[in-house]
Amino acid sequence: MDKVGFKNIRLKDPSLHEIKIVDQKITIAQINRGPADISNYRRSLNSAESLRNPNRKLYYELIENIKTDGILDAVINKRIRAVTTNPISLEGTDDENTISLFQAPWMSELLALMMQRLFWGHSLVEPEFNEKAFKDPELEQLFKIKLIPRKNVSPEFGVITANANTFSNQGLPFREEPFADYLFEFGGERDLGLFMNLIPYVLYKRNNWADFAQYNELFGMPLRTYEYDPHQPDTRKQVESQAKAAGAAPYVIVPRGTEVTYHNAGTSAGNGGYKEFNDIMNNEMIITVLGQTLTTGNDGKGSYALGEVHQDVEKSINLEDKLWCEFQLNWNVKPKLIKTFGLNQLRGCKFKFDDTIKLTPQQKVEVFEKLHNMTPIQQQYLRDEFNLPDPDKESIEIWKGGKSAVPEVPGKTLP
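Residues numbered from 1 in each chain as written. Predicted model: local features only at pLDDT ≥ 70, side-chain atom pairs only at ≥ 80, totals over all residues. Heavy atoms only, no water.

Some thoughts on the pattern of salt bridges
Part 1: Enumeration over the complete set of coordinates arrives at 13 salt bridges.
Part 2: Lys78 is the salt-bridge partner of Glu314, the closest N and O atoms lying 3.5 Å from each other. Remark: Lys78 occurs in helix 3 (residues 70-84) and Glu314 occurs in helix 10 (residues 304-339); sequence separation between them is 236 residues.
Part 3: Judged by its relative accessible area of 10%, Glu314 is buried. (Salt bridge = Lys/Arg side-chain N within 4 Å of Asp/Glu carboxyl O. Helix = DSSP H or I, 4+ residues; strand = E, 2+ residues; numbered from the N terminus. Buried < 20%, exposed > 50% of the residue type's maximum accessible area, 1.4 Å probe, protein only.)

Spelled out as structure tokens, the structure:
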């Protein structure tokens, strides 16, 4: 069993000087990925939603089981990456040292755990403070981000249990001081996340695969028929030996003159239902996570206009995620960074995602051409924007003669 504990931390706020959080050890349970079906899903859901004794252990184990689905993993990561790959800035300060403390891998890890709460329902994060980052932010990170194992966390009771293998409503009260000033909590007390909707689709999909595998075993290979002379006793054994040696395809051995009828189900009409059902389950998962299918699946079907509509749907979902993360960083995380860790330089600052539209060089040329017809543009600004060197005398003479000395952007020529 692995051990994860709360590290001692020296609080920077003078009023809380030298307060330390006790090094509490918790036992992490082994992941159980046994066979699962819809009955397991119902039992885990009933246990997690119990009003008197809610226990998420079975529910979390079932999530670990279905997370191995490739389509599910891809769409979840796609939604999370829309947040973690979007640059985030610290507005309200020009101090490069302060900005560099937050433009680090630990911030991306924190955002990923914040987004995971959307699927799991809850995330409790322990930041391990590193004072060395103030001296050398290029080599040291401000925090090491750790997720408190979800099986050890009871959001309903607000406690961290010592042993994940046994249910208990007793433990470290993480919503009370000093833990409340130290740990980052994301998600609701009874929120089970999107996995509650996604689990049945994966289970049905797996069962469909099992049925399809059995179907292929029965009808995927050609059936061979062998006849033998019933009046010669040793003939059957010889025929059977030859049939076994010919390969793994199924075969039937019958006496000569016996009529055998086979009803062939191995046609596209017979097996098409399995693929259709698999596609339906995949599309349901994609819609649940991304809100649409045209930007991820759909096998290239659909019009361009419809694709734009679906892309707008996905962008609106991504915008909602980024706004939620901004609110959490500014109203949940930042106050603790100031109060508990003494990062007073964050006062008056605000975390904000950079949603500036990035234009291609061709698009920039089109914009400059339109602006040139409306207002004068400084040549130096133009050169800086396209990273163009200042022209020499020869280039100017050629330009005056009707040819541009400035390197052209493909498809467009600057005026």
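Here we look at the packing of helix 2 (residues 57-66) against helix 7 (residues 195-219)
Part 1: Helix 7 packs onto helix 2 with a crossing angle of 50° between their chain directions and a minimal axis gap of 10 Å. Accordingly, the angle class assigned to the pair helix 2 and helix 7 is oblique. By crossing handedness, the relation of helix 2 to helix 7 is classed as left-handed. In contact with Tyr59, Leu62, Ile63, Asn65 and Ile66 of helix 2, helix 7 contributes Phe195, Met196, Ile199, Val202, Leu203 and Arg206.
Part 2: Of the residues assigned to the contact of helix 2 with helix 7, the class counts are nine nonpolar, one polar and one charged. (Axes fitted to C-alpha atoms, helices over the stretch in contact; angles between N-to-C directions. Parallel < 35°, antiparallel > 145°, perpendicular 65-115°, else oblique. Left-handed = near helix turned anticlockwise from the far one by under 90°. Contact = heavy atoms within 4.5 Å. Nonpolar A, V, L, I, M, F, W, Y, C, P; charged D, E, K, R; others polar.)

Here's the deal with the nonpolar core
Part 1: Counting 69 residues, the largest nonpolar core has Phe102, Leu110 and Phe195 as the members making the most contacts within it.
Part 2: Among the elements that take part in this core, helix 5 (residues 105-120) stands out by supplying 11 residues, more than any other.
Part 3: Among all residues touching Phe195, those that are not within four sequence positions of it are Tyr59, Ile63, Ile66, Lys67, Leu72, Ile76, Phe119 and Trp120. (Core = buried A, V, L, I, M, F, W, Y, C linked by side-chain atoms within 4.5 Å.)

Focus: the sheet that holds strand 9 (residues 184-187)
Part 1: Pairing in this open sheet of three strands is antiparallel, and the strands run 5-4-9 from one edge to the other. Across the chains shown, the open sheet's two edge strands, defined by having one partner strand only, are strand 5 (143-147) and strand 9. Across the sheet, the mean angle from the axis of one strand to that of its neighbour is 25°, orientation sign disregarded.
Part 2: With five bridges joining them, strand 4 (residues 122-129) and strand 5 adopt antiparallel strand pairing. Opposite Glu128, over in strand 5, you have Lys144 as the bridge partner. (Pairing = 2+ DSSP bridges.)

Let's talk about the sheet that holds strand 7 (residues 159-160)
Part 1: Here we have three strands laid out as an open sheet, ordered 6-7-8, and antiparallel in their pairing. Two strands close off the open sheet at either side, each with one partner strand: strand 6 (153-154) and strand 8 (172-173).

Examining helix 8 (residues 233-245)
Part 1: Within helix 8, burial applies to Thr235, Val239 and Ala243. Seen from one end, helix 8 has its buried residues packed into an arc of 70°, which puts them on one side. Turned more than 90 degrees from where helix 8 packs its buried face, Pro233, Asp234, Lys237, Gln238, Lys244 and Ala245 sit exposed. (Arc of directions from axis to C-beta.)

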